[in-house]
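Understanding the architecture of this molecule
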Amino acid sequence: MAATWGYGQTGASTISFLKKIEMAPSTEDQASLSSLSSTHGSRADSFAIREKYKGLIRQLPAKVFSDKLVDMFMREFNWQYYFVDPDIFYAQLQEWNNLPFSIFSTEGPQGISQDLRVFPAVLFQMIATALLILPDEEEEEFAMLKYAANMTFEDLACDYSASGEDIVMLFGKKGLSVTTVQAEFLRASFLKFTANVTESWHMVGIAIRDAQELGMHRDSLDPKPADTSVERALENQWLIERRRKLYMVLAIWDINMCLILGRPGTIDWRHGSPSLPIDAPEPTDRSKTPIVLRNPEKDPPTPLTRSLWLHQLSSPLRDIQDLEQDGPYPKDFSKIDKLHQKIMSLHDSTPGIFRVENPDTRWDEDPNVAPWIQVSRYYFNLLHGFSLMALHRSYVFHRKKSRVEALQASLSMLEMQRLMFEGLSATSWRNFMLFFGTFDAIVLIASIYILFPHDHPEHKQLAVQHIHWAIERFATMQARSPLAKSAQGVLRAILGKFTRALSNSASPAKDSETPSSTRGPSETTPASVVGRREISQASSLTTDEYGKDSASNGHGFESASTGLAMTGETWLSPSEWAFAPDGLSNIMPTFATSDLIFNDLTAVQDRMDMMEVPGMGVGGLDWQFGGDIGEGTLWQVLNQFQPR
């Protein structure tokens, strides 16, 4: 009858409720059945969780291996985001190692505190990450951890990381703790390390939601001390600082991934943010150490000092994200210029310890600072360039001033990437820092020169050289960096079209004073920094609300380009191109890394018939971009860029 009336047999329908009422037992029988069912279900669930948990933790490597891998993680990776506090971690590790094994067979995870029961997930992620950066000379020592023929350390690392994720998922959202959020972020880091950027973006979102569930996003939701003792009060204050640091790092990741991937973030900045953590020296005993601000004149910088400046550099990205909703034709370009000045002012206020030029080097020999301080200087300058590039990239096809600034920022980014690459060991080649920004910068530089080849001839050779160096770096990194491997074809295609657009050889100058990117670290400032300083002397331009610029010729930049595209030896106006009857105004802003990751951007060579092109002869191979590139994208434009 229920089916005849159109009701389903299951689910929350009126018929289902009537059926339950009709078949309900008496009060006494109901109470008895409820008790039995609850007990049986609870025991069954508890047994299943206990056995699954025990099976997962059995996969942890022996202590002799895990201790070495943890030390490697702390030394090579943890300084980047400082998401793992060493003193807290090692205290948890000791507590975990002291647990009697019988507890896993009797009480299971229910007999362990919420923080400690998720601790193996953190341990799994740290071990997995360390295996990705394992030096070649130490691989033999850990070879016995492999359990299958032809298994790679990356295969093993992926298994460990997946086991850590399984432990977190085992408890759902009922037993969330700070350690849960920590494990989720480390999982996101691992996914980004292994080029699973989409999955990493989703995992960061999960970590942020769980952090918000724990109240990390509001000062008013800070935890309270367990009692009124001074020791508990100090421990609680350090816990608050730890929560604020974790949420700050999650916020940094959220906004950076938004601007890199062209995707929405998880955090709504309009609702405010918690207080930033205090830059205090690391405590030896949290129950006896008050929180005191670090004295820059006496105390060395810490990874938290680094994270706080990273947060400062990321702050303009939120404003850039807000501007993007106005599209490439905002009513008022003055907002863009004001934000540009804000970014420049922020750069001018860089602390001495993080400056590339005339840095404060007092702490460079400190063993706790030396492993990360030099590369951080390059990285922060790279982020400065990225902010400028992200600000102007939406307007480069119809605004001269934005082209100038985007070119300047992109060349500076590539220089910082080159220096950073030289300063890091091969174990760091998988690091996303070495991929970050390079691909986007090259695509932007090439598109500017291809579509506006009369602009900035004085920097043409430097641009070509940097593209060659980037391809060289990516080829060196490809065995450890899947993103670098997948990007190489597109970079070669960009270089091919760039070469033809400039109508001369794109080979790097043989007498270049700048060292190759595959050489060792430079002890002095490389000659190519001169090129970066030269670029930084961009002309000041004035812009009306429609983006029609007038250029000052006082600093070496040419006047506004007519926007001509070269095909062979013939120059065509964009209005003559088949892809854009209205010129370049229809090209959408380009998120090159996002296209590579989400839209399967590729490049292949097709034979074509064409007139003689310098360096190619008559006929030849033309690069074509493939993937889900869509209408109105730069890739569609470049595909139709053909010599007559």
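Presented here is a report on the structure given in the accompanying data block. (Residues numbered from 1 in each chain as written. Predicted model: local features only at pLDDT ≥ 70, side-chain atom pairs only at ≥ 80, totals over all residues. Heavy atoms only, no water.)

1. Thoughts on the environment of asparagine 78
With respect to the helices, strands and loops of the structure, asparagine 78 is situated in the loop between helix H3 (63-76) and helix H4 (86-97). Asparagine 78 gets classed as buried once you look at its relative accessible area, which sits at 5%. A sequence separation of 48 residues divides asparagine 78 from methionine 126, and the C-alpha atoms of the two residues are 9.2 Å apart. Residues within four places of asparagine 78 in sequence aside, it is in contact with Phe73, Phe83 and Val84. At 2.8 Å, the side chain of asparagine 78 forms a polar contact with the backbone oxygen of valine 84. (Helix = DSSP H or I, 4+ residues; strand = E, 2+ residues; numbered from the N terminus. Buried < 20%, exposed > 50% of the residue type's maximum accessible area, 1.4 Å probe, protein only. Contact = heavy atoms within 4.5 Å. Polar contact = N/O pair within 3.5 Å; in protein donor to acceptor, adjacent residues only side chain to side chain.)

2. A few points about the pattern of salt bridges
For side chains of opposite charge, pairing can occur when their charged atoms come near one another. Per the stated rule, a full pass over the model turns up 27 salt bridges. Here glutamate 184 ties to lysine 173 by a salt bridge, and the two come within 3.9 Å at their closest N and O atoms. Taken together, the residues glutamate 184 in helix H9 (residues 178-193) and lysine 173 in the loop between helix H8 (153-170) and H9 connect sequence positions eleven residues apart. Taking relative accessible area as the criterion, glutamate 184 reaches 4% and is therefore assigned buried. The residue arginine 403 makes a salt bridge to aspartate 455 at a minimum N-O spacing of 3.4 Å. With a gap of 52 residues between them, arginine 403 in helix H15 (residues 400-423) and aspartate 455 in the loop between helix H16 (438-451) and helix H17 (460-477) connect regions that are remote in the sequence. Across this residue pair, the class does not change: arginine 403 and aspartate 455 are buried. Here the salt bridges do not stand alone but share partners, grouping Asp85, Asp87, Arg242, Lys245 and Arg286 into one network. (Salt bridge = Lys/Arg side-chain N within 4 Å of Asp/Glu carboxyl O.)

3. Brief notes about the environment of tryptophan 269
Along the chain, tryptophan 269 falls in the loop between helix H11 (230-261) and helix H12 (303-324). The spacing of tryptophan 269 and alanine 251 is 18 residues in sequence and 9.4 Å in space, taken between C-alpha atoms. For tryptophan 269, the residues in contact, after removing those within four places along its chain, are Ala251, Ile255, Arg318 and Gln321.

These results come straight from atomic positions and should not be treated as a statement about function.
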